[in-house]
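# Tertiary structure, described
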Amino acid sequence: MSKTLFERIWDSHVVDERPGEPVLLFVDLHLVHEVTSPQAFESLRLAGRPVRRTDLTIATMDHNVPTEPGPVRDTIAKAQLDALARNCANFGVPLNATGSGREGIVHVMGPELGLTQPGMTIVCGDSHTSTHGAFGALAFGIGTSEVEHVLATQTLLQARPRTMRVRFAGELPFGVGAKDMVLGAIGRIGVAGGVGHVIEYGGPAVESLSMEGRMTVCNMTIEAGARAGMVAPDETTFTYIEGRPAAPSGAAWERALDEWRALRTDADAVFDAEVEIDVASLVPQVTWGTNPGMVGPIDSSVPDPANYDDPVEREAVERALRYMGLEPGTPLDGIPVDRVFIGSCTNSRIEDLRAAAEVVDGHRVAPSVRAMVVPGSAKVKRQAEDEGLDRVFTGAGFEWREAGCSMCLGMNPDILAAGERCASTSNRNFEGRQGAGGRTHLLSPTMAAAAAISGHLTDVRELR
Amino acid sequence: MRALQQVTGKAAVLDRPDVDTDQIIPKQFLKRIERSGYGEFLFFDWMKDPDFELRRPEYEGAQILVAGRNFGCGSSREHAAWALEDAGYRVVLAPSFGDIFHTNATKTGLAPIELPEAELAEIKAALARRNELTVDLEALELTHPDGLRVPFEFDEFARHMLVNGLDEIGLTLQREASIAAYEQAHPARFDTSLLS
């Protein structure tokens, strides 16, 4: 019987099934951070329940942490970080705390430790858990009640989603990368286009991506409304995992490879929906509005609401343009920015930093811009420093920070002031996302670097 | 969670598409470690606008929210459902919901009910004449004092949990034998305690 990759993983994780009920699925890896866990641990404590599988659970501190060395000054944030430390100690959950050397954004930490492996089910109280699907895993975000359920039972009740294949055909042109692919896809599918579906990404343009590129694409799957995103594992995947701390070794590695090579979608498998995108015509993307679907190529202009037939959409675009302080018809290339943020679980890994550094090298941050680079983990930071990338950034006038979620979501001191316009490599441009009244333009790391240098949204392909 | 069988009360209408959970409950309130007290921060930034729909006096005390498509999209924060429930809402009616928000709501005692746009339009018209609605999760229908009757669908398992206010974890733990059998047959490849 032909199966998709998703069906293979789903079917092999069914613990129990009852007619008319969601399926009980086993969770191979549960990632935890400080924001969505305190109430879950508290409820466990009140019910007198232990964490069932501390060996399949691991925590880190990422959302609240300041990205400058020193104590946490926000007392509420500190209370939440302390709660995580206390909960992990009391329940026996391994924790990579700030300063341990292994900490970082949870979706950067998992893969770099080799914990994220093909064929696994992976959950976390964070919607960007879809990132791990890049390894051919079924990975999705859950709420705090479900976090509690997984802690107590190592399972989750799940209704079976539908499947969608997004095929990226063609070869990526110069200056266009994974971030542009996924922004282009969301622009095409819409912010609710994937609702109820798990997306499998395929096609030559995906196969040619590195693991970090695949992580960027899978990371933003949630922004198209989909449950999860995944890429079938291949030699690129196995090469990445081999030798990492949690990776199997010796005979166990060979056995794992055999299992992982069977994780694919059969040629005649059927998806509930199919979308084909030709990357050859892709241009670097940038969002202009207040959700990731309000996006376009850098060589286009701010749209005119009058061109939207649907009155509901027209009003939404009008509202977005008012919030963003943009006039219809303004070319995107040339819109001045106040801040630049290179970081987040979407784009803060070593290849993102290398790509940005290459653009920055030999230039300086424009005097009107405050620019920041936040590596995704302590490990990425160390590697970047070994390669001298930090000096390229600081030499050009960027701030080089400690690892953390930082300005992606303004829960820590890295925050936009009202009206500030930011070119950001993160994943959401909702109203107030980076700070109340803050204006976010999402784009790739190289596009962010170009914006920092020129002081405005810029076509990186034309930068010399 | 509080059991939910039937609600009769006022509705508030928020007719915007793609209302994301950052708007429902902004990030600064996610730093809390309590599960309660989020109601006063519901739509915190939008509430600053005196013209914000939910500030209308006729919506005060509303228990039903009538929303636009893709309500609750974006971040997985369950705090969004907690804020709505704590502010007094027991039901949200919308053409569609963000997936994770939909699940979170059902676990919070907040019923997310999907209805076609045409039926929502009828309901809104009736509400404009008289702001009162009954939502019955046992009979699976909505009724308005003017006589409008709208049946709706709801996942049977989620409905059963909501109507009885059941503890899902307790139920799952009764399936201990299945979980243990799976674990026996699928030993883990790693031990996270070696990675911290």
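Our structure's up above, just so we're on the same page.
Procedures and definitions
- Residues numbered from 1 in each chain as written.
- Chains lettered and ligands numbered in written order.
- Predicted model: local features only at pLDDT ≥ 70, side-chain atom pairs only at ≥ 80, totals over all residues.
- Pairing = 2+ DSSP bridges.
- Helix = DSSP H or I, 4+ residues; strand = E, 2+ residues; numbered from the N terminus.
- Axes fitted to C-alpha atoms, helices over the stretch in contact; angles between N-to-C directions.
- Contact = placed C-beta atoms within 7 Å.
- Core = buried A, V, L, I, M, F, W, Y, C linked by C-beta atoms within 7 Å.
- Buried ≥ 20, exposed ≤ 12 C-beta atoms within 10 Å, placed from the backbone.
- Parallel < 35°, antiparallel > 145°, perpendicular 65-115°, else oblique.
- Left-handed = near helix turned anticlockwise from the far one by under 90°.
- Nonpolar A, V, L, I, M, F, W, Y, C, P; charged D, E, K, R; others polar.
- Expected span 1.5 Å × (residues − 1).
- Arc of directions from axis to C-beta.

Either a parallel or an antiparallel arrangement is found when strands of a sheet pair, and the pairing is made through backbone hydrogen bonds. Residues and elements named next belong to chain A. In space, the four strands of this open sheet follow the order β11-β10-β9-β12, with parallel pairing throughout. Lying at the two open borders of the sheet, with one neighbouring strand each, are β11 (228-231) and β12 (273-278). This sheet shows a mean twist of 20 degrees between the axes of neighbouring strands, independent of strand direction. In this sheet, strand β10 (residues 197-202) lies alongside strand β9 (residues 162-169) in parallel orientation, the contact comprising six bridges. Across the sheet, residue R165 finds its bridge partner in β10, namely E200. The sheet strands contacting helix α6 (residues 178-189) are β9 and β12, and the helix crosses β12 at an angle near 130 degrees. The strands touched by helix α8 (residues 211-219) within the sheet are β10 and β11, with β11 carrying the most contacts at an inclination of about 155 degrees.

Moving on, we get to the nonpolar core. Nonpolar side chains in soluble globular proteins tend to be buried together. V340(A), A448(A) and A452(A) are the most contacted members of the largest nonpolar core, which totals 156 residues. Beyond its immediate chain neighbours, meaning those up to four positions away, V340(A) contacts V369(A), A371(A), M372(A), C422(A), A423(A), A448(A), A451(A) and A452(A). Counting residues in hydrophobic clusters, the runner-up holds 46 residues, among them I64(B), A111(B), L133(B) and V135(B).

Residue and element names in this part refer to chain A. Between helix α12 (residues 350-360) and helix α14 (residues 389-396), the shortest axis-to-axis distance is 9 Å and the interhelical angle comes to 40 degrees. Between α12 and α14, the crossing angle belongs to the class labelled oblique. The handedness of the crossing between α12 and α14 is left-handed. Within the contact between the two elements, α12 uses L353, R354, A357 and V360 and α14 uses L389, V392, F393 and A396. Looking at the contact of α12 with α14 residue by residue, the class counts come to seven nonpolar, no polar and one charged.

Residues and elements named next belong to chain A. Topologically, T330 is positioned in the loop between α11 (311-324) and β15 (339-342). Taking the number of C-beta atoms within 10 Å as the measure of exposure, T330 has 13 and is therefore partly exposed. Taking the C-alpha atoms as reference points, T330 and T131, separated by 199 residues in sequence, lie 34 Å from one another. Not counting residues within four places of it along the chain, the set of residues in contact with T330 comprises S301, V302 and I335.

What follows concerns the interface of chain B and chain A. In this complex, chain B contributes 46 residues to the contact, which on the side of chain A involves 65 residues. Listed by contribution, the elements that provide at least two residues to the side of chain B that touches chain A are α1 (21-24), α3 (99-106), α5 (156-164), α6 (168-173) and α7 (176-185) of chain B. Residue composition of the side of chain B that touches chain A, by class: 14 nonpolar, 15 polar and 17 charged.

Here we take up helix α3 (residues 75-91) of chain A. Residues and elements named next belong to chain A. For α3, with 17 residues, the first-to-last C-alpha span of 24 Å sits near the 24 Å given by 1.5 Å per residue. Along α3, the residues classified as buried are A77, Q80, L81, L84, N87 and C88. When α3 is viewed along its axis, its buried side chains cluster within an angular range of 120 degrees and face the same direction. Summarising the geometry of α3, the exposed residues directed more than 90 degrees from the buried face are T75, R86 and A89. Those residues of α3 that are buried are in contact with α2 (38-47), β4 (57-60) and β5 (95-96). A positive backbone phi angle near 80 degrees is found at G92, which sits one or two residues after α3.

Residue and element names in this part refer to chain B. Mapping A67 onto the fold places it in strand β3 (residues 64-67). Owing to 22 C-beta atoms within 10 Å, A67 belongs among the buried residues under this scheme. Along the backbone, A67 and I179 are 112 residues apart, and their C-alpha atoms lie at a distance of 39 Å.

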